[in-house]
Amino acid sequence: MGFIRLAHRHKHFLLLCRNMTGGIKGMKRAFKKTVSLVMAIALSFGLLSSTVLAVEGKAEITAPMLPMRGILAAGTPDTSWYTANPSASSFEIGTADQLAGLALLLTNVTPSVSDGFTGKTIKLTDNIDLSAYQSGSGWTPIGTHWAFKGTFDGNGKTITGLTISGVQDVNIHGLFGNVNGGTIKNLRLDDINVFARGQYAGGIVGSVGENGTIENCSVSGTISAPGYNNVGGIAGRNSPGIIRNCISTAAASGKGYVGGIAGVSNGIIENCYVTGNVTAETTTNCRAGGIVGGTGASSQITGCAALNGSVIGLSGETGRVFGYKTGAAQIVNNYASGNMLVNGSTVAGGSADDMNGAPKAPEDWLAAAKWGSSGLNWDTGVWDITGGSLPSLKIFGAAPPASIISITQHPTPITNAIVGSISGSLSVTASVTPSGSLSYQWYQNTAESNSGGTTIGGATGASFAIPTGLTAGTYYYFCEVSAGATSVRSNVARVNVSAVADTGAPVPGAAGVIQIESIFFPTPRIALS
């Protein structure tokens, strides 16, 4: 409305200029165009809220508030499925715009649903691609101002294209933000990319509380929050909530309290398994675990399997199942991969009720008995448990994965090479269970990530010779190992090339040294098909 007041003040100015070239009509037209242009620019940057803006009493611009973080996204949130009958007890949605409309309804715009859909059910009717909401800062989580408190039934459908790109305007990151007392079920997220700049980052939800429930869900992709705590493949925080019958093959990384299922939990986690790598920093309070980074006194972890290839965090507070336990937390009947690397080394021993879980060999995971009544005792009405493969959730109707690929050796450092005299190679060692032929493909990337990348022609063996013609700069390489439809990517190898020789002892990162570091990047070492 400040522009309206500005317009009225200019009326006096316009009267004084009646005798100037063009007269008052020309002046008015010019002024109105200028104000309209300024307001349009302000609206495009989200500086003005939803209103009808007027110049000299006439409506000039009508624009909705744009609270969505992906303000530059191509999608247009659709709330008509709700506003057509807001008193209904159930709703069906099947498009990206309708899902974005759900997120919009739980912001502070009008209309908004301040009760968070309490007592109501929203059912997904089709698979959804969120690529239209990737630009700008990406997806706005569902439940940022008002927590989601209803039931969201994924109905066995899959959501792809979820991207969040380094935003700091909210402290919760995931498909959903806050879920308090609500339920998210029967939903699969594939190949997500959550890069958060704040606490509580997860694939399905940033934070679940007030006995909310996440069940029968699956997540693949990457969730990272550099410098921030509470990062998990399914939820950043579970306090108190229930997470059951979930799978995460996603990589999870952050400062501390990082876990394959939840970063921190003061609730129940049961009958879940994880294959994605977990990476925390190694400073104070940087706890990490294959299932949970840290547990509260009311936490329960029961019947879970940590199949992660690698877990990294503070020494002494990092384990195959969890990193840190408070008080009387209940840890019961959990298994873990005996080949898992915890801070770069395998762990001796472990039991079903401690931080490292009962160790199992890769072939054990393919035995139905390990998941059934004589092992983890999972519900065969929910899980498809078949000998020779890992369990899958029946709701998704897909065949269970057939193979487990384990990368047991990642690229090792090469030093003392300079432009014009580069030599050496990178290599990986891998195995497949129960059987199969392995194939290899090396990639080069422009960033320190094993997501995306460009294939290197002819680099299809377990070893890859470093190109001798590299110029000074930094290069990133990794290998994808496959067996049939199953594949897993190695850690990233960073190559620093200098044009100047170093006559002293090689020092990592110093001039004249080619340095290739194995980066324990959060990527599954155990892959499913």
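What you see is a predicted model; the values in this text were computed from it and never measured.

**Student:** Run through the pairing of strand β4 (residues 121-124), naming residues and quoting values.
**Tutor:** Where burial is concerned, the two faces of β4 differ: the one with Ile122 and Leu124 is buried and the one with Thr121 and Lys123 is not. Examined bridge by bridge, strand β3 (residues 90-93) and β4 share four bridges and lie parallel to one another. Looking at β4, one finds that Glu92 is bridged to Lys123. As for the winding sense of the linkage, the β-α-β connection from β3 through helix α4 (residues 96-105) to β4 is right-handed. The pairing of β4 with strand β6 (residues 151-160) spans three bridges and is classified as parallel.

**Student:** Can you explain the side chain of Ser248? Please cite residues and give values.
**Tutor:** With respect to the secondary-structure elements, Ser248 resides in strand β14 (residues 241-248). Within the structure, the side chain of Ser248 is placed 3.2 Å from the backbone nitrogen of Ala250, a separation counted as a polar contact.

**Student:** Give a detailed account of the packing of aromatic side chains, specifying residues and quantitative values.
**Tutor:** The tally for this structure, following the rule as stated, stands at 20 aromatic pairs. Look at Trp81 and Tyr82: their rings are 6.2 Å apart centre to centre, the planes differ by 70°, and that puts the pair in the edge-to-face class. Take Trp81: its relative accessible area is 11%, and that puts it in the buried class. Tyr82 sits in the buried class, given a relative accessible area of 11%. Between Trp378 and Trp383, the aromatic rings sit 4.4 Å apart at their centres with planes inclined by 35°, giving tilted as the arrangement. Trp383 shares its class with Trp378; the two are buried. Ring-pair connections join several aromatic residues into one group, and the members of that group are Trp81, Tyr82, Phe91, Phe117, Phe148, Phe152 and Phe176.

**Student:** Describe the pattern of salt bridges, with residues and values.
**Tutor:** Note on pairing: side chains with opposite charge can pair once their charged atoms come close. Throughout the structure, instances matching the rule amount to three salt bridges. A salt bridge links Arg244 to Glu270; the nearest nitrogen and oxygen atoms lie 3.1 Å apart. Placement of Arg244 in strand β14 and of Glu270 in strand β17 (residues 268-270) is noted, with a sequence separation of 26 residues between them. Residues joined in a network through salt bridges with shared partners are Glu215, Arg244 and Glu270.

**Student:** Quick rundown of unusual backbone geometry? Include the residues and the values.
**Tutor:** In this chain, Thr110 is followed by Pro111 through a cis amide linkage whose omega measures 0°. By the secondary structure assignment, Pro111 is in the loop between α4 and β4. Cis geometry is found at the peptide bond from Ser239 to Pro240, where omega equals -20°. Despite not being glycine, Asp191 shows a phi value in the positive range, around 55°. On the secondary structure map, Asp191 appears in strand β9 (residues 183-195). In the Ramachandran plot, Asn333 falls in the positive-phi region, its phi being about 55° despite a non-glycine side chain.

**Student:** Summarise the nonpolar core; cite the residues concerned and give the values.
**Tutor:** Counting 74 residues, the largest nonpolar core has Leu99, Phe117, Trp139 and Phe152 as the members making the most contacts within it. Among the elements that line this core, the one with the most residues is strand β12 (residues 212-232), at seven residues. In this structure, Leu426, Val432, Tyr440 and Ala493 belong to the second largest nonpolar core, which totals 24 residues.

**Student:** Residue-level account of the pairing of strand β11 (residues 205-209), with values.
**Tutor:** Most of β11 is tucked away, with five of its five residues classed as buried. Pairing analysis gives four bridges linking strand β8 (residues 176-180) to β11, with the strands arranged parallel. In the strand pairing of β11, Asn178 is matched with Ser207. Taken together, the three bridges between β11 and strand β13 (residues 235-238) define a ladder with parallel strand orientation.

Cut-offs applied
Residues numbered from 1 in each chain as written. Predicted model: local features only at pLDDT ≥ 70, side-chain atom pairs only at ≥ 80, totals over all residues. Heavy atoms only, no water. Buried < 20%, exposed > 50% of the residue type's maximum accessible area, 1.4 Å probe, protein only. Helix = DSSP H or I, 4+ residues; strand = E, 2+ residues; numbered from the N terminus. Pairing = 2+ DSSP bridges. Right-handed = clockwise from strand over helix to strand, strands pointing away. Polar contact = N/O pair within 3.5 Å; in protein donor to acceptor, adjacent residues only side chain to side chain. Phe/Tyr/Trp six-rings, centres within 6.5 Å; stacked < 30°, edge-to-face > 60°. Salt bridge = Lys/Arg side-chain N within 4 Å of Asp/Glu carboxyl O. Core = buried A, V, L, I, M, F, W, Y, C linked by side-chain atoms within 4.5 Å.

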